[in-house]
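# Examining the three-dimensional arrangement
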Amino acid sequence: MEERMHLPDTVDLDEKRRALVIIDQTKLPGRTEMLYLTEQKDIFEAIYLLKVRGAPAIGVAAAIGVYLAAMEIETDDVKIFTEKFQKAKEYLASSRPTAVNLFWALNRMERVVLEHPEESVLQLKERLHREALEIRKEDIRVCRRLGEYGLTLLHEGDGILTHCNAGQLATTRYGTALAPIHVGREKGMHFHVFTDETRPLLQGARLSAFEMAADGVETTVICDNMASSVMKNGWVQIVFVGCDRVAANGDTANKIGTSGVAILAKHYGIPFYVVAPTSTIDMNISSGQEIPIEQRRPEEVTEMWYQQRMAPEGINVYNPAFDVTDHDLITGFVTEYGIVYPPFDEGFIRLFEEKNAKGI
Ligand code: MRU
């Protein structure tokens, strides 16, 4: 297990082929297959089908995707260019509803166009190119800092429980919730990670387990309903999860099942941290009630991963992709500016003041 393997970056731009490059996460852990996507419908589908997934990674993919869309617009007329660009942006924005990073990245790209109406289409395309690459680079810098701040909460030999995959595969590099573990590994530290399998799409069993094992981390996959037992055994010193959208009061949407883990952690007195870049904090919504929760196909529950359908035909299925963890179950948020403790509403206001003053 000491051996460490470097995974390729999860999202990239291939300049020569003018393509979005992603690892096809639906093929993991069996095969590490890179996809080179040039068509908007393929980029949309890659996000919808979770070939690229995780809040920061879909933000970066959408930024590169909409840049590629802009490059295909053949006109010198800035007004026509802007209209077509906005259409492409709306199309990608409709691929998934919960992770705010998707809209955050696309809005950043749109601002580049709207804030420079005096420039030519060629100049706007160059600006969009720079912005997409900056969003990607920023993601790497931010995740590295999440890892460094998160590591201050860990001790040699700790047991860490995580849900879904908020690792390198969910960002460009390092990850959010798993970044402290990767950074700790670089410094020669050892941890034991319990990854909830994360029904129904198994991001924990397929992706976090793969990623942790690649980094030489002792890893144990558990079914989602085993978390209580593992915590009761005293094997978990801390929970780290990622998130898709955080409201201004700290309510946090993350992969379905996260709120149950938070309730268990509170019961057993285990600290529960959300590791989140500020791009995932949505100060425009006051509580988790306003977060749109994606509903997905019933077949993900009844058929996927089974050799034959395991639930009766026609049975009702409820398949929300995310749930909201109430802010009072969360010990703290690890951000790229440090760790925020309750009351979160006040902490986030100070956090954004710092962000606006410093940049990243
Ligand atoms: O449906 P997914 O796999 O995109 O859901 C991903 C998660 O819930 C992650 O925990 C979240 O996006 C944080 S990723 C750093």
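Structure's up top.
Residues numbered from 1 in each chain as written. Predicted model: local features only at pLDDT ≥ 70, side-chain atom pairs only at ≥ 80, totals over all residues. Heavy atoms only, no water.

Turning our eyes to something else, we now look at the overall build of the chain. Each helix and strand in the chain was counted, giving eleven helices and 14 strands. Relative to the globule expectation of 21 Å for 360 residues, the C-alpha radius of gyration of the chain, 20 Å, shows essentially globular dimensions. The principal-axis extents of the C-alpha atoms in the chain amount to approximately 65 × 55 × 45 Å. Evaluated residue by residue, the chain yields a buried proportion of 59% over its 360 residues. Accessible surface computed for the chain: about 15,400 Å², of which carbon and sulfur atoms make up 51%. Counting 39 positive and 53 negative side-chain charges, the chain places the centres of these two groups 3 Å from one another. (Helix = DSSP H or I, 4+ residues; strand = E, 2+ residues; numbered from the N terminus. Rg over C-alpha atoms; globule rule 2.2 N^0.38 Å. Buried < 20%, exposed > 50% of the residue type's maximum accessible area, 1.4 Å probe, protein only. Areas by Shrake-Rupley, 256 points an atom, 1.4 Å probe, with all protein chains shown as cover. Lys, Arg positive; Asp, Glu negative; His and termini not counted. Charge placed at Lys NZ, Arg CZ, Asp CG, Glu CD.)

This paragraph deals with the pattern of salt bridges. The final tally for this structure, using the stated rule, is 26 salt bridges. A salt bridge links Asp-9 to Arg-136; the shortest N-O distance between them is 2.7 Å. Of the two residues, Asp-9 sits in the segment before β1 (11-14) while Arg-136 sits in helix α5 (residues 121-151), which places them 127 residues apart along the sequence. When its relative accessible area of 17% is taken as the criterion, Asp-9 is described as buried. Residue classification places Arg-136 among the buried residues on the basis of a relative accessible area of 10%. Across the salt bridge formed by Lys-358 and Glu-354, the nearest N and O atoms sit 2.7 Å from each other. Placement of the pair is Lys-358 and Glu-354 together in helix α11 (residues 344-358), with a separation of four residues, close to one helical turn. With a relative accessible area of 58%, Lys-358 lands in the exposed category. Salt bridges sharing common partners tie together Asp-9, Asp-12, Arg-136 and Arg-173. (Salt bridge = Lys/Arg side-chain N within 4 Å of Asp/Glu carboxyl O.)

On to the sheet that holds strand β4 (residues 159-162). Reading across from one edge, β6-β5-β4-β7-β10-β13-β14 is the order of the seven strands in this open sheet, with mixed pairing throughout. Each end of this open sheet is capped by a strand with a single partner; those strands are β6 (218-222) and β14 (338-340). Taking the axes of each pair of neighbouring strands and ignoring which way they run, one obtains an average angle of 25° across the sheet. Two elements, strand β5 (residues 192-196) and β6, share five bridges in a ladder whose sense is parallel. Paired with Thr-195 across the bridge in β6 is Val-221. Contacts from helix α7 (residues 203-214) reach β5 and β6 within the one sheet, and its direction differs from that of β5 by about 165°. (Pairing = 2+ DSSP bridges. Axes fitted to C-alpha atoms, helices over the stretch in contact; angles between N-to-C directions. Contact = heavy atoms within 4.5 Å.)

All right, on to helix α9 (residues 258-268) then. When α9 is considered as a whole, its buried residues turn out to be Thr-258, Ser-259, Val-261, Ala-262 and Ala-265. All buried residues of α9 fall inside an arc of 155° around its axis, so they share one side. In the segment just after α9, Gly-269 is the residue with positive phi, at about 70°. (Arc of directions from axis to C-beta.)

Any two packed helices are characterised by how steeply their axes cross, that is the angle between the axes, and by the distance between the axes. At a minimum axis separation of 9 Å, helix α4 (residues 100-114) and α5 run at an interaxial angle of 150°. Regarding the angle of α4 to α5, the classification is roughly antiparallel. Here α4 runs over α5; the crossing is right-handed. Within the contact between the two elements, α4 uses Trp-104, Ala-105, Arg-108, Met-109, Val-112 and Val-113 and α5 uses Leu-124, Arg-127, Leu-128, Glu-131, Ala-132, Glu-134, Ile-135 and Glu-138. (Parallel < 35°, antiparallel > 145°, perpendicular 65-115°, else oblique. Left-handed = near helix turned anticlockwise from the far one by under 90°.)

By the criterion of burial, strand β2 (residues 19-23) is predominantly enclosed, with five of the five residues buried. Residues of β2 alternate between two faces, with Ala-19, Val-21 and Ile-23 on one and Leu-20 and Ile-22 on the opposite face, all of them buried. As paired elements, β2 and strand β3 (residues 34-37) share four bridges and run antiparallel to each other. Residue pairing for β3: Ile-23 is matched across the bridge by Met-34.

Generally speaking, a soluble globular protein has its nonpolar side chains buried in company with each other. If you look at the biggest cluster of nonpolar residues, it comprises 43 residues, and the most contacted ones within it are Val-11, Leu-20, Val-52, Met-109 and Leu-128. Elements supplying a minimum of two residues to this core: β1, β2, β3, α1 (40-48), α2 (55-71), α3 (78-93), α4 and α5. Considering each element in turn, this core owes the most residues, 14 residues, to α2. Ignoring any residue separated from it by four or fewer positions in sequence, one finds Met-109 in contact with Ala-63, Val-66, Tyr-67, Phe-85, Leu-128, Glu-131, Ala-132 and Ile-135. Ala-227, Val-241, Ala-262 and Ala-265 belong to the second-largest nonpolar core, a separate cluster that totals 28 residues. (Core = buried A, V, L, I, M, F, W, Y, C linked by side-chain atoms within 4.5 Å.)

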